[in-house]
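A look at the structure
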Amino acid sequence: MKMFQSSTLIFQIIIILISISLATSEPNILNFLKCLPTHTNSTKSPILETVYTPRNSSFESKLLAYIRNRRFLTSKTPKPLAIIAPKDITHVQATVICAKSNGLQVRIRSGGHDYEGLSFISDVPFVILDMFNLREIYVDSNSMNAQVQSGATLGELYYAVAKTAAAFPAGVCHTLGTGGHFSGGGYGNLMRKYGLSIDNIVDATIVDVNGNVLDRKSMGEDLFWAIRGGGGASFGVDWVIKLVYVPEKVTVFSISRSLEQCATDVVYRWQHVATKLDNDLFVRVMPKVVNGSKVGERKVEVSFIGMFLGQTERLLEITKKSFPELGLKRQDCKEMSWIESTLFWEGIPQGTPIEVLLERPEVASVFMKMKSDYVKNVIPKSGLESIWKWMIKYDLTLMQWNPYGGRMNEISEFDTPFPHRAGNLFLVQYISIWNNEGDTRKRMDLLRKMYEAMTPYVSRNPRETFLNYRDNDIGRNPSNFTDFRKAQIYGQKYFKKNFQRLAKIKARVDPDNFFKNEQSIPPLFSS
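Residues numbered from 1 in each chain as written. Predicted model: local features only at pLDDT ≥ 70, side-chain atom pairs only at ≥ 80, totals over all residues. Heavy atoms only, no water.

1. Let's talk about the packing of aromatic side chains
Summed over all chains, the structure comprises 23 aromatic pairs. Where Phe72 meets Phe120, the ring centres are 5.8 Å apart and the plane angle is 75°; that geometry is what we call edge-to-face. On the criterion of sequence distance, the pair formed by Phe72 in the loop between α2 (59-65) and β2 (82-84) and Phe120 in the loop between β3 (105-109) and β4 (126-130) is long-range, its members being 48 residues apart. A residue is classified by how much of its surface remains accessible, and Phe72, at 9% relative accessible area, is buried. Measuring from centroid to centroid gives 5.5 Å for Tyr115 and Tyr469, while their planes differ by 15°, and the two rings are stacked. Placement of the pair is Tyr115 in the loop between β3 and β4 and Tyr469 in the loop between α13 (440-453) and α14 (484-495), with a sequence separation of 354 residues. Each member of the pair, Tyr115 as well as Tyr469, is classed as buried. (Phe/Tyr/Trp six-rings, centres within 6.5 Å; stacked < 30°, edge-to-face > 60°. Helix = DSSP H or I, 4+ residues; strand = E, 2+ residues; numbered from the N terminus. Buried < 20%, exposed > 50% of the residue type's maximum accessible area, 1.4 Å probe, protein only.)

Shown next, in the form of structure tokens:
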């Protein structure tokens, strides 16, 4: 497919099978730096002007700027030998070629929301290819397509596409980098209507292991299949995405119920109807632990947060008929433009200028650990009551339960590497947040106990996990070696039966396993 024209430089994507180069000998950072200018012909942006080493006064600030979790801001966290922040495609090509020839590993970072730090941490000498300079977006209002660089944030993308009265199905947090988000699947509150981000990608340009630039036609359909959901931590040049229709006004709401206000009954009913509601309606359930009225008392409160692609009157008709237990009232509803709704979902006060979407992330302020699960069968009320008790016992900050159904049930699990399609009621995200470094081991152990307690209620054989919610607990390899047997453990949880196909594509496009990380796809050669 032919890319439409733009006055910008070629953009940036993120491809699955990539995250780290194999350290075959003692790395030589000086030779790497000398190599870079010999493999780029950019006179507008000399590549060495995009390189930061520990000798640069700005090195530390560049490193920390896109780390969104204080767990990775300790003195024990390994640091890169250099950060390369490319400004055009030749910088990406040079980094690939020179890292490979000098035995350096490469980590690739687009937004910094990597839950396990795989995009900017390694236990062997490495460099970071940081995409934050590659952030241009071009929207073609005639074709309703857009090109977006991997270093652009979702907020920047939403701001750009909203000018055409369109939208794009992706996540809630506006500081997410599009590169990693898209290539891991990318879901959000439009998924019941339009599917995932990867279901709306029509072309891409990538940089392969040899430094070649490939688009969909030249990479072939197998590799194009793989990069749409096979993993985020890779080199690429751009995504071409298909924008979607949203009405002039959407309706949002947020209702909170205590357990005394029959929250358990409402959640139980939500499980039965959430996947069957009108595809224009998305209702997230968010249980959280809050302080009670007594000193030291902890309680569970459940929020029901929704967006309807339409106006209040029709929304009330739908909920009254299909989900009366929610008790949604007119005064609970707020009508606004879709772009304004993106602020609502982040808890940004109504009336805040939408230019806030253009703000880049700040340095991490809290410690976090997340995990995920998929629920395929309704959890009984007794199970829900146990979950609320476990949340308090294991000091879990909150959970997010995101409903499936609609478009998610219409797409085959084999159409993209993302396999978690029909058969799921909802996706669970466990979120633990704390403020003191000394609490880290305790809080992570408690979260793991919560995860274990949930076993009877979630998917099994395999216990499925969402790739964008990276979780090293489900299996990992060391930084400099990928054992296929270990990779199968986490690979089947992330990709199910698609893991084998990904591994075979990996063998074809990167047979020496140059690009890898602790949870990357290993090559599988046919016998």
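Alright, that's what it looks like, and here's the rest.
2. Considerations on unusual backbone geometry
Cis geometry is adopted by the peptide bond preceding Pro462, which originates at Asn461 and carries an omega value of 0°. Turning to its location among the elements, Pro462 is positioned in the loop between α13 and α14. Even without being glycine, Lys496 reaches a positive phi, approximately 55°. The backbone of Asn513 sits at a positive phi, close to 55°, despite the residue not being glycine. Here Asn513 shows up in the segment after α15 (498-509). For Asn513, a relative accessible area of 10% gives the class buried.

3. Thoughts on the pairing of β4
A large share of β4 lies buried, amounting to five of its five residues. Along β4, one buried face is formed by Phe126, Ile128 and Asp130 and the opposite face, lined by Val127 and Leu129, is buried too. Bridge count between β2 and β4: three bridges; the pairing is parallel. Across the sheet, residue Ala82 finds its bridge partner in β4, namely Val127. Here β3 pairs with β4 via five bridges, running parallel. (Pairing = 2+ DSSP bridges.)

4. Topic: the state of the cysteines
Within this structure, the stated rule accounts for one disulfide. Between the sulfur of Cys35 and that of Cys98 lies a disulfide, 2.1 Å long from S to S. Linking Cys35 and Cys98, the disulfide has an S-S dihedral of approximately -80° and is accordingly described as left-handed. Separated by 63 residues along the polypeptide, Cys35 in helix α1 (residues 29-35) and Cys98 in helix α3 (residues 89-101) bring together distant segments of the chain. With respect to class, Cys35 is no different from Cys98; both count as buried. (Disulfide = S-S within 2.5 Å.)

5. Structural notes on the packing of α14 against α15
Look at α14 against α15: their axes get within 8 Å of each other, and the N-to-C directions meet at 125°. With respect to their mutual orientation, α14 and α15 come out oblique. Remark: the crossing between α14 and α15 carries right-handed chirality. Between α14 and α15, the contacting residues are Phe484, Ala487, Gln488, Gly491, Gln492 and Phe495 on the first element and Asn498, Phe499, Gln500, Leu502 and Ala503 on the second. A breakdown of the residues in the contact of α14 with α15 according to their chemical character gives six nonpolar, five polar and no charged. (Axes fitted to C-alpha atoms, helices over the stretch in contact; angles between N-to-C directions. Parallel < 35°, antiparallel > 145°, perpendicular 65-115°, else oblique. Left-handed = near helix turned anticlockwise from the far one by under 90°. Contact = heavy atoms within 4.5 Å. Nonpolar A, V, L, I, M, F, W, Y, C, P; charged D, E, K, R; others polar.)

6. A word on α14
In this model α14 runs just 15 Å from its N-terminal to its C-terminal C-alpha over 12 residues, more than 12% under the 16 Å that 1.5 Å per residue would give. What α14 keeps buried is the set Ala487, Tyr490, Gly491, Tyr494 and Phe495. Axial view of α14: buried residues confined to an arc of 115°, hence all on one face. Of the surrounding elements, those touching the buried residues of α14 are α15. Just downstream of α14, Lys496 is the residue with a positive phi angle, here 55°. (Expected span 1.5 Å × (residues − 1). Arc of directions from axis to C-beta.)

7. Describing the pattern of salt bridges
Counted according to the given criterion, the structure contains 33 salt bridges. Residue Asp473 is joined to Arg448 by a salt bridge in which the shortest nitrogen-to-oxygen separation is 3.0 Å. With Asp473 in the loop between α13 and α14 and Arg448 in helix α13, this pair connects stretches of sequence that are 25 residues apart. The exposure class assigned to Asp473 is partly exposed, which follows from its relative accessible area of 33%. Exposure remark for Arg448: the relative accessible area of 33% places this residue in the partly exposed category. (Salt bridge = Lys/Arg side-chain N within 4 Å of Asp/Glu carboxyl O.)

8. Observations regarding the packing of helix α4 (residues 154-162) against helix α11 (residues 338-345)
Direction vectors running N to C along α4 and α11 enclose 160°, while the axes themselves pass 9 Å from each other. Taken together, the axis directions place α4 and α11 in an arrangement best described as roughly antiparallel. Residues Tyr158, Tyr159, Val161 and Ala162 of α4 form the contact with α11, whose participating residues are Trp338, Ile339 and Thr342. Looking at side-chain class alone, the contact of α4 with α11 contains six nonpolar, one polar and no charged residues.

Worth remembering: the numbers are spatial, not functional.
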